[in-house]
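Here's the letter readout for the chains.
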Amino acid sequence: MAVLVLMRSPLPRLRALLQRCWGRLERGLWPGVFGGQSPPWGPALAVQGPALVPQGINDAEAPSLLESLVWMAAPKQRRTIEVNRCRRRNPSKLIEIKRNIEVCPECGNLKQKHVLCGYCYAKVKEETRLIRMEIYKKEAAPFNAPTVETVVLYEGEKPTEKDEGKRIIERARKRPSWFVQN
Amino acid sequence: MRLSVAAAISHGRVYRRLGLGPRSRLDLLRNLVTALVRHERIETPWARADEMRGYAERLIDYAKRGDKDERAMRMADFWLTEKDLIHKLFKVLAPRFQPHPGSYTRLLQIPNRDGLDRAKMAVIELKGNPLPPLVRPRRDSDKTLLNQLLKGYRQDAQRAAAPRGTPV
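Below, the structure is looked at part by part. (Residues numbered from 1 in each chain as written. Chains lettered and ligands numbered in written order. Predicted model: local features only at pLDDT ≥ 70, side-chain atom pairs only at ≥ 80, totals over all residues. Heavy atoms only, no water.)

Attention shifts here to the overall build of chain B. Per the secondary structure count, chain B includes five helices and three strands. Seen in sequence order, chain B has helices and strands lined up from the N terminus as α-β-α-α-α-β-β-α. For 168 residues, the compact-globule estimate of 2.2 N^0.38 gives 15 Å, and the C-alpha radius of gyration of chain B, at 24 Å, exceeds that figure by more than 25%. Over its C-alpha atoms, taken along the principal directions, chain B stretches across nearly 80 × 45 × 40 Å. Evaluated residue by residue, chain B yields a buried proportion of 36% over its 168 residues. Per element, the accessible surface of chain B, about 11400 Å² overall, is 54% carbon and sulfur. Averaging the coordinates of the 34 positive side-chain charges in chain B and doing the same for the 19 negative ones gives two points 4 Å apart. (Helix = DSSP H or I, 4+ residues; strand = E, 2+ residues; numbered from the N terminus. Rg over C-alpha atoms; globule rule 2.2 N^0.38 Å. Buried < 20%, exposed > 50% of the residue type's maximum accessible area, 1.4 Å probe, protein only. Areas by Shrake-Rupley, 256 points an atom, 1.4 Å probe, with all protein chains shown as cover. Lys, Arg positive; Asp, Glu negative; His and termini not counted. Charge placed at Lys NZ, Arg CZ, Asp CG, Glu CD.)

Spelled out as structure tokens, the structure:
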């Protein structure tokens, strides 16, 4: 209403008046926006008197970072050695003992029940390597896989009638005891 | 019902992922099958050997159909990258395994690899290969209780049969 009446006055005074009115309006409607300069709304009375506002609200701000450290978890008492021992020696924390280790009947080394003996496998692997070297010498060129079966013969052995038509690989040593001739 | 859809959870997934992707996995397995047919005994990580075993046995089943079969020849052509092994497959391995109904390979675990990774290794071989045997079949000793009892039973049966057979 007052704005309409004063529309005929010159512009600078009008602008200043509008700004003051707008400022008062904002402070009235959004008291918190101006950084707590205005007191928060207290209980409203029918008779306009001084606003009775409890003074404790301004002090109850969010605690600063240093004060918020007060609420973190920390041990209350030193853990005794008995409690520590119970926790450290609980069966779930101990290393599991393996019960699947046994002695290889061929060579006497230790082996796991479901795994081949390391020593016996190394022995077989070495002999296989030497047999393969003989095969490569016989085949000479790469990609020369034969179209017949192969048989390995050691010193002083003759091919039997079962070895008819097979490629013969000679090994220059005595037959090992663990390689039984079929 | 898919209860765990998150990418990082693999509960109940049964298929292995080898190599760099599905194509790479097939190439890997193809190389292993070729090596097995050439050398008849190879040493490789256990997961790869286990994966390759099924493919190798199915390839031998295809080879048993004979080399006139179109599908068998196409399979052998895909799976064996070295083409002289196709001849070996049809002329050596197919007749060798003709009497067997299945299980042409043997998969055995060996001690973990010596390198930093300590990988679980296995040796896979075709049965009936000319190389030295990996495991010698062991008979139980004659001195065990069960074998002694069985031996006694056999002797009693023979003694019971013999006097009746040769009456005095």
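Next, the rest of the story.
Now for the interface of chain A and chain B. With 26 residues of chain A at the interface, the matching set in chain B holds 24 residues. Counting the surface lost from both chain A and chain B, the interface buries some 2300 Å², and carbon and sulfur atoms represent 61% of this. Among the residues of chain A in contact with chain B, Leu-116, Tyr-121 and Phe-143 of chain A are the three that bury the most area, contributing 24% of the side total. In this structure, the connection of chain A to chain B is made through four salt bridges. Secondary structure elements with two or more residues in the side of chain A that touches chain B: α6 (118-139) and β3 (150-153) of chain A. (Contact = heavy atoms within 4.5 Å. Buried area = accessible area lost by both parts, 1.4 Å probe. Salt bridge = Lys/Arg side-chain N within 4 Å of Asp/Glu carboxyl O.)

Turning to unusual backbone geometry, a few remarks are in order. Peptide bonds are mostly trans, and most non-glycine residues show a negative phi. Even without being glycine, Ala-140 of chain A reaches a positive phi, approximately 65°. By the secondary structure assignment, Ala-140 of chain A is in the loop between α6 and β3. Judged by its relative accessible area of 69%, Ala-140 of chain A falls in the exposed class. Unlike most non-glycine residues, Arg-118 of chain B shows phi in positive territory, near 50°. Following the sequence through the fold, Arg-118 of chain B ends up in the loop between β2 (105-110) and β3 (121-126).

Our next topic: the nonpolar core. With 33 residues, the main nonpolar core has Met-52, Leu-80 and Leu-89 of chain B as its most contacted residues. The contacts of Met-52 of chain B, once residues within four sequence positions are left out, are Leu-29, Leu-32, Val-33, Leu-36, Ile-42 and Ile-124 of chain B. By size, the runner-up hydrophobic cluster in this structure holds 16 residues, among which are Tyr-121, Ile-135, Tyr-154 and Phe-179 of chain A. (Core = buried A, V, L, I, M, F, W, Y, C linked by side-chain atoms within 4.5 Å.)

Right, let's talk about the pattern of salt bridges for a bit. Under the defined criterion, the tally for this structure stands at 25 salt bridges over all chains. Its salt-bridge partner being Lys-83 of chain B, residue Asp-77 of chain B comes within 3.2 Å of it at the nearest N-O pair. For Lys-83 of chain B, a relative accessible area of 40% puts it in the partly exposed group. Linked by salt bridges that have partners in common, Glu-149 of chain A together with Glu-40, Lys-88 and Arg-96 of chain B make up one network.

The values reported here are purely geometric and, on their own, carry no functional implication.
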